[in-house]
Amino acid sequence: MTQTDKDRVLIFDTTLRDGEQSPGATMSHNEKMEIATLLDEMGVDIIEAGFPIASIGDFEAVSEIAKLAKTATICGLARANIGDIDRCWEAVKHAKSPRIHTFIGTSPLHRAIPNLDMDQMAERIHDTVTHARNLCDNVQWSPMDATRTEHDYLCRVVEIAIKAGATTINIPDTVGYTIPRESAELIEMLRNRVPGADDIIFATHCHNDLGMATANALAAVEAGARQIECTINGLGERAGNTALEEVVMALKIRHDRMPFGTKIDTTKIMNISRRVAQVAGFPVQYNKAIVGKNAFAHESGIHQDGMLKNAETFEIMRPQDVGLSGTSLPLGKHSGRAALRAKLDELGFALADNQLKDVFVRFKELADRKKEVFDEDLMALLRDSGAAE
Ligand code: KIV
Ligand code: ZN
């Protein structure tokens, strides 16, 4: 199927910026280069490589990633001031395709921090986006805490940013406060009310405080957003950001209802997930969607039997599509005879029915004492029962 730009969702990965802001997730320079290379190779459209004004290390990492990226646009983050924006440009300008991402908090709570009134903030947005656009053709602007900003004011500042030259308008749910229908309505409202909205791309940037980051991002896409901001494993501030692997696989698997494509090579998901978990020091929870150890594992007898007959019985996607070699059927106390037989076949033991019956009883006894029965346990059990001779 050919895909028009209208049907394409850009994947903006911010593992190296918002992800790294997660307390304790700091990555070394070399680790960042490795992750950036993997993101570029897997087909991420835009890599937010860091916050260049934050430290010399961040500046150097963004500059080097800008030089090494082969296809991805390289983006740096900047607050709404000239110093941040100039520093950001110095770092990203080496990229084949650079982007400046500048932001300011627009909700009442966030406006109070720099002590700007609505008009003063509007002027600041105009001046800083204009400055960024004079440096770079590709400018993203974000009204931080957009989901708690008054609608009229949000429309007003988005219009100002578009007129000043922003090419992408990102709508952050900074504190993970929104819900799916509201996320969609916000994008719809901006597209309907803001002059010039048809000429730019709307992005969605969701946090997971209520566990809805993926649902909110997808709802925004259904309402017309065409860039999803996300991180590998959902790494990010507090409860994290939208997980890249979740939105990408949801768009792939539910293409029937969400007919939008990405250019991510999904077979590279598992590898990058493992590397990010290692370098950030954030293990992936076992039952995490797509990349958790148990995401393609089935222990209960009914499920294992179904899986052995037809994998689609209990799996909606192929493990190979995310870079795994196959489904796993760990043996435990819920497992049945079919899975035990399959495992014994795999180990090279074709037992007669009466032998299997005996081994199955011993296996269940063992499984009651042990969480998981491994190959070595089975071998010992076969030896003890005389079936391995
Ligand atoms: O969550 C947020 O609002 C952000 C902005 C800097 C885009 O990360
Ligand atoms: Zn964020």
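Residues numbered from 1 in each chain as written. Chains lettered and ligands numbered in written order. Predicted model: local features only at pLDDT ≥ 70, side-chain atom pairs only at ≥ 80, totals over all residues.

### Overview of the overall build of the chain
Along its length, the chain carries 15 helices and 8 strands. Along the first, second and third principal axes, the C-alpha set of the chain runs to 85 × 40 × 40 Å. Among the 389 residues that make up the chain, the fraction classed as buried is 44%. (Helix = DSSP H or I, 4+ residues; strand = E, 2+ residues; numbered from the N terminus. Buried ≥ 20, exposed ≤ 12 C-beta atoms within 10 Å, placed from the backbone.)

### Some remarks on the site of ligand 1
In the neighbourhood of ligand 1, the contacting residues comprise D18, F103, S142, M144, N170, P172, T174, H205 and H207. Put simply, the parts of the chain that give the shell around ligand 1 at least two residues each are strand 5 (139-144) and strand 6 (168-173). Of the residues belonging to the shell around ligand 1, the class tally is 3 nonpolar, 5 polar and 1 charged. (Near = placed C-beta within 6 Å. Nonpolar A, V, L, I, M, F, W, Y, C, P; charged D, E, K, R; others polar.)

### Considerations on the UniProt feature "binding site: Mn(2+)" (unreviewed entry) in the chain
When the UniProt feature table is mapped to this numbering, "binding site: Mn(2+)" (unreviewed entry) covers D18, H205, H207 and N241. The greatest C-alpha distance among the annotated residues, which extend across 224 residues, is 10.4 Å, indicating that they converge on a single site. By the secondary structure assignment, D18 is in helix 1 (residues 15-19). Every residue in contact with D18, bar those within four places of it in the chain, is listed here: T231, G236, E237 and N241. Assignment of secondary structure puts H205 in strand 7 (residues 201-206). When the 29 C-beta atoms within 10 Å are taken as the criterion, H205 is described as buried. In contact with H205, other than residues within four places in its own chain, are S142, N170, I171, P172, D173 and E229. (UniProt positions renumbered as here; feature names shortened; annotations may be inferred. Contact = placed C-beta atoms within 7 Å.)

### Some points on the sheet that holds strand 8 (residues 227-230)
Hydrogen bonds between backbone groups are what pair the strands of a sheet, and the pairing can be parallel or antiparallel. Ordered in space as 1-2-3-4-5-6-7-8, the 8 strands form a closed barrel in which the pairing is parallel. Neighbour-to-neighbour, the strand axes of the sheet open up by a mean angle of 25°, direction not taken into account. Here helix 3 (residues 56-68) sits on the sheet in contact with strand 2 (46-50), strand 3 (73-79) and strand 4 (98-105), set at roughly 150° to strand 2. Most of the contacts of helix 4 (residues 82-92) go to strand 3, to which it runs at about 160°, and overall it touches strand 3 and strand 4. (Pairing = 2+ DSSP bridges. Axes fitted to C-alpha atoms, helices over the stretch in contact; angles between N-to-C directions.)

### A few points about the UniProt feature "domain: Pyruvate carboxyltransferase" (unreviewed entry) in the chain
The sites that carry the UniProt feature "domain: Pyruvate carboxyltransferase" (unreviewed entry) are, in the present numbering, residues 9-270. Taken end to end, residues 9-270 comprises 44% helix and 18% strand; its first and last C-alpha atoms sit 21 Å apart.

### Quick word on the pairing of strand 4
In terms of burial, strand 4 is a largely internal element, 8 of the 8 residues being buried. Here strand 4 shows two buried faces, one formed by P98, I100, T102 and I104 and the other by R99, H101, F103 and G105. By the bridge criterion, 6 bridges tie strand 3 to strand 4 in an arrangement that is parallel. Following the sheet pairing, L77 is matched in strand 4 by H101. One crossover worth recording links strand 3 to the parallel strand 4 by way of helix 4, and it is right-handed. Here 6 bridges tie strand 4 to strand 5, and the two strands are oriented parallel to one another. Each bridged residue has a counterpart across the sheet, and for H101 the counterpart in strand 5 is Q140. (Right-handed = clockwise from strand over helix to strand, strands pointing away.)

### Section: the environment of G292
Within the secondary structure, G292 is located in the loop between helix 11 (269-280) and helix 12 (301-309). Owing to 15 C-beta atoms within 10 Å, G292 belongs among the partly exposed residues under this scheme. Residues G292 and D256, spaced 36 residues apart in sequence, show a C-alpha to C-alpha distance of 25 Å. Among all residues touching G292, those that are not within four sequence positions of it are V284, Q285, Y286 and N287.

### A word on the pairing of strand 2
Across the 5 residues that make up strand 2, a large majority, 5, are buried. Inspection of the sheet shows strand 1 (residues 10-13) paired to strand 2 by 2 bridges, in the parallel sense. Note on strand 2: the bridge partner recorded for F12 is I46. Bridge count between strand 2 and strand 3: 4 bridges; the pairing is parallel. When the sheet's bridge partners are listed, I47 is paired in strand 3 with I74. Each parallel crossover has a hand, and for strand 2 linked through helix 3 to strand 3 it is right-handed.

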